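The lines below spell out each chain.
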Amino acid sequence: MLEKLTTEIRNNRTSNLDQLSVDEFLNIMNEEDQKVALAVREQIPMISNVVQLVVEAFQNGGRLIYTGAGTSGRIGLLDAVECPPTFGTNPSEVIGLIAGGERAFIKAVEGAEDSEELGKEDLLQISLTKNDIVIGIAASGRTPYVIGALKYANEIGAKTVAVACNKGSKIGEVALQKIEVDNGPEVLTGSTRLKAGTSQKLICNMISTASMIGIGKVYKNLMVDLQLTNNKLVDRAKRIIVEATGCDYETASNYLQKANNQTKVAIVMILTNMNYDEAIVSLNKASGFISKVVKN
């Protein structure tokens, strides 16, 4: 029953919420938020397993697909849309699906989350394959839209993961892997955009970032595959080249131009004295890992 879920229980610390001063409430909220990172930390072994599955999916030509409703869907979609500019991925490699479609990101679509069939249909629309991995996100852990998506993904042999904020969740029973975080009750009863949403964002951050590291999108702690879509990012790319190679800003600018605005290629050219074509071939042989090219 809904009222038995941790995400729906009243928080005793805020039972007189409407009578607290602003500072009193904000201090309690901050203290409650601090518990989230510790709750997520307990799930690191499970998150690590999921990262390995995502890396394997990418290596086999598969995709990472988030699916959810409401806040959960928006968090998955947000993580997906940030991957192309940050890691230079194709928009089709990491996908966020939200019940009710993209318009539901701004305004809720009534009833969309209550349909298992819609969860399946959205995966059919993107031609889900067995090489993909589907991560279903639901704070309650019982959203029909997510359950339907996970069931269909299981049917065709895709890997499935549940991210829930209640232990013993229904989506956890459906998925092959589960990450169930107990954040405790919300400061505003049932408002899962708060601690639950924060924990989901932390988990998505971990999964996508660690997975991108695992496929060579990062050198040391630098974003070497970022897309140069504006002046700020062009400047950032040059500074990344400076950090990675120790060259001056002007040299970084010159090599970025020689590398056709590919930060990773420019770094390899500087560190190895290769020309553009040689750097491309070497990176391809090393599956995109600069560290493997430089080491060799």
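Residues numbered from 1 in each chain as written. Predicted model: local features only at pLDDT ≥ 70, side-chain atom pairs only at ≥ 80, totals over all residues. Heavy atoms only, no water.

Q: Explain empty space enclosed by the protein here, please?
A: Here the idea is plain: a probe the size of a water molecule rolls over the atoms and shows the empty space left. Scanning the model with the defined rule gives 1 cavity of 30 Å³ or more in all. Approximately 30 Å³ is the volume attributed to the largest cavity. Thr 6, Thr 7, Cys 165, Asp 182, Asn 183, Gly 184, Glu 186, Lys 195 and Ala 196 together form the lining of the largest cavity. Grouping the constituent residues of the lining of the largest cavity by class yields 2 nonpolar, 4 polar and 3 charged. (1 Å grid on protein atoms, 1.4 Å probe; cavity = no way out; pocket = protein on both sides within 12 Å on 5 of 7 lines; lining within 4 Å. Points joined across faces, edges and corners; volume = space filled by probe spheres on them. Nonpolar A, V, L, I, M, F, W, Y, C, P; charged D, E, K, R; others polar.)

Q: Please clarify how the pairing of strand β4 (residues 159-164) should be interpreted in this entry.
A: Looking along a regular strand, one sees the side chains alternate between the two faces of the sheet. Within β4, 5 of the 6 residues are buried, which leaves the element mostly enclosed by the surrounding structure. In the sheet, strand β3 (residues 133-138) pairs with β4 via 6 bridges, with the strands oriented parallel. The residue bridging Ile 133 from the neighbouring strand is Lys 159, located in β4. Taken together, β3, helix α5 (residues 144-156) and β4 form a β-α-β motif whose crossover is right-handed. Note: β4 against strand β5 (residues 177-180), 4 bridges, orientation parallel. (Buried < 20%, exposed > 50% of the residue type's maximum accessible area, 1.4 Å probe, protein only. Helix = DSSP H or I, 4+ residues; strand = E, 2+ residues; numbered from the N terminus. Pairing = 2+ DSSP bridges. Right-handed = clockwise from strand over helix to strand, strands pointing away.)

Q: Can you walk me through the side chain of Thr 89 in this structure?
A: Topologically, Thr 89 is positioned in the loop between α3 (70-87) and β2 (94-98). Taking the relative accessible area as the measure of exposure, Thr 89 reaches 2% and is therefore buried. From its side chain, Thr 89 meets the backbone oxygen of Cys 83 in a polar contact 3.4 Å long. Setting aside residues up to four positions removed in sequence, Thr 89 forms contacts with Cys 83, Pro 84, Met 212, Lys 217 and Gln 227. (Polar contact = N/O pair within 3.5 Å; in protein donor to acceptor, adjacent residues only side chain to side chain. Contact = heavy atoms within 4.5 Å.)

Q: Quick question: what am I supposed to make of the sheet that holds β2 here?
A: Strand order in the open sheet formed by 5 strands is β2-β1-β3-β4-β5, with parallel pairing between adjacent strands. A strand with exactly one partner marks an edge of an open sheet, and here the two such strands are β2 and β5. The average undirected angle you get between the axes of adjacent strands in this sheet is 15 degrees. Sheet analysis places strand β1 (residues 64-68) next to β2, joined by 5 bridges and oriented parallel. Among the inter-strand pairings, Gly 68 is bridged to a residue of β2, identified as Ile 98. Lying over the sheet, α3 contacts β1, β2 and β3, oriented at roughly 160 degrees with respect to β2. (Axes fitted to C-alpha atoms, helices over the stretch in contact; angles between N-to-C directions.)

Q: Would you explain the packing of helix α1 (residues 22-41) against helix α7 (residues 195-214) in this entry?
A: The packing of two helices is summarised by the inter-axis angle and the distance between the axes. Between α1 and α7, the shortest axis-to-axis distance is 9 Å and the interhelical angle comes to 40 degrees. Taken together, the axes of α1 and α7 are oblique relative to one another. Of the two possible hands of crossing, α1 and α7 adopt the one that is right-handed. Two secondary-structure elements touch here, α1 through Glu 32, Asp 33, Val 36, Ala 37 and Val 40 and α7 through Lys 195, Thr 198, Ser 199, Leu 202, Ile 203 and Met 206. For the contact of α1 with α7, a count of residues per class yields 6 nonpolar, 2 polar and 3 charged. (Parallel < 35°, antiparallel > 145°, perpendicular 65-115°, else oblique. Left-handed = near helix turned anticlockwise from the far one by under 90°.)

Q: Just to check I follow, could you spell out the layout of surface pockets for this structure?
A: Computed from the structure, the largest pocket encloses a volume of approximately 480 Å³. Around the largest pocket, the lining is made up of 27 residues, and of these Ala 69, Gly 70, Thr 71, Glu 113 and Thr 143 lie nearest the centre. Tallying contributions element by element places α3 first for the lining of the largest pocket, with 4 residues. For the lining of the largest pocket, the residue count by class is 11 nonpolar, 10 polar and 6 charged. Each pocket or cavity is described by its volume, and for the second largest pocket that value is around 230 Å³. Forming the walls of the second largest pocket are 14 residues, and the residues nearest its centre are Leu 77, Ile 95, Gly 96, Leu 97 and Glu 102. Counting residues per element, the ones that place at least two in the lining of the second largest pocket are α3 and β2. In terms of residue count, the dominant contributor to the lining of the second largest pocket is β2 (5 residues). Partitioned by chemical class, the residues of the lining of the second largest pocket number 10 nonpolar, 2 polar and 2 charged.

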